[in-house]
Amino acid sequence: MVGYCPICGKPVYFGEKKRSLGRDYHPLCLKCQKCNRQLTAGQHAEYDEKPYCSHCYLKMFGPRGTACLTRTYTHIEKE
Ligand SMILES: [Zn+2]
Ligand SMILES: [Zn+2]
């Protein structure tokens, strides 16, 4: 089964996929949509289905987003 990268919209094949927060990304696409920093799968925040580093996330959506971020990290630990 081929998934589609939510960033570039192209198919992600098994050998190259990087799974994070329930979505499959290309390794090069899994980067912060604000500062383009490369992200580690499962160790980043997301907003509106796009990945962000926690620094940019808090800067843009915090501190009200903090609760949301905590939920995201809780979700990661369960996987
Ligand atoms: Zn991609
Ligand atoms: Zn960032």
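Just so it is clear, the structure is predicted and the values come from calculations on it, not from any experiment.

Chemist: Teacher, can you tell me more about the overall build of the protein chain here?
Modeler: When helices and strands are counted, the protein chain shows 2 helices and 6 strands. Traced from its N-terminal end to its C-terminal end, the protein chain shows the element sequence β-β-β-β-β-β-α-α. A separation threshold of at least 6 residues defines the contact pool for the protein chain, and within that pool the share at least 24 residues apart is 12%.

Chemist: Before we go on, may I ask you to explain unusual backbone geometry in this structure?
Modeler: Only a minority of non-glycine residues have a phi that is not negative, and only a minority of peptide bonds are not trans. Unusually for a residue other than glycine, asparagine 36 sits at a positive phi of about 65°. Take asparagine 36: it is sitting in the loop between strand 4 (23-25) and strand 5 (45-47). You can call asparagine 36 exposed: it has 10 C-beta atoms within 10 Å. For aspartate 48, which is not a glycine, the phi torsion comes out positive at approximately 55°. You can see aspartate 48 is positioned in the loop between strand 5 and strand 6 (50-52).

Chemist: I tried to follow the environment of histidine 26 on my own but got confused; where do I start?
Modeler: By the secondary structure assignment, histidine 26 is in the loop between strand 4 and strand 5. Separated by 10 residues in the primary sequence, histidine 26 and glutamate 16 have C-alpha atoms spaced 6.3 Å apart. When neighbours within four sequence positions are excluded, histidine 26 is seen to be in contact with Cys5, Cys8, Val12, Glu16 and Lys18.

Chemist: Sorry if this is basic, but what is going on with the environment of cysteine 35 here?
Modeler: Within the secondary structure layout, cysteine 35 lies in the loop between strand 4 and strand 5. Using a count of 11 C-beta atoms within 10 Å as the deciding quantity, one classes cysteine 35 as exposed. Along the primary structure cysteine 35 and cysteine 53 are separated by 18 residues, whereas in three dimensions their C-alpha atoms are 8.2 Å apart. Not counting chain neighbours up to four residues away, the residues in contact with cysteine 35 comprise Cys53 and Cys56.

Rules used in this analysis
- Residues numbered from 1 in each chain as written.
- Chains lettered and ligands numbered in written order.
- Predicted model: local features only at pLDDT ≥ 70, side-chain atom pairs only at ≥ 80, totals over all residues.
- Helix = DSSP H or I, 4+ residues; strand = E, 2+ residues; numbered from the N terminus.
- Contact = placed C-beta atoms within 7 Å.
- Buried ≥ 20, exposed ≤ 12 C-beta atoms within 10 Å, placed from the backbone.

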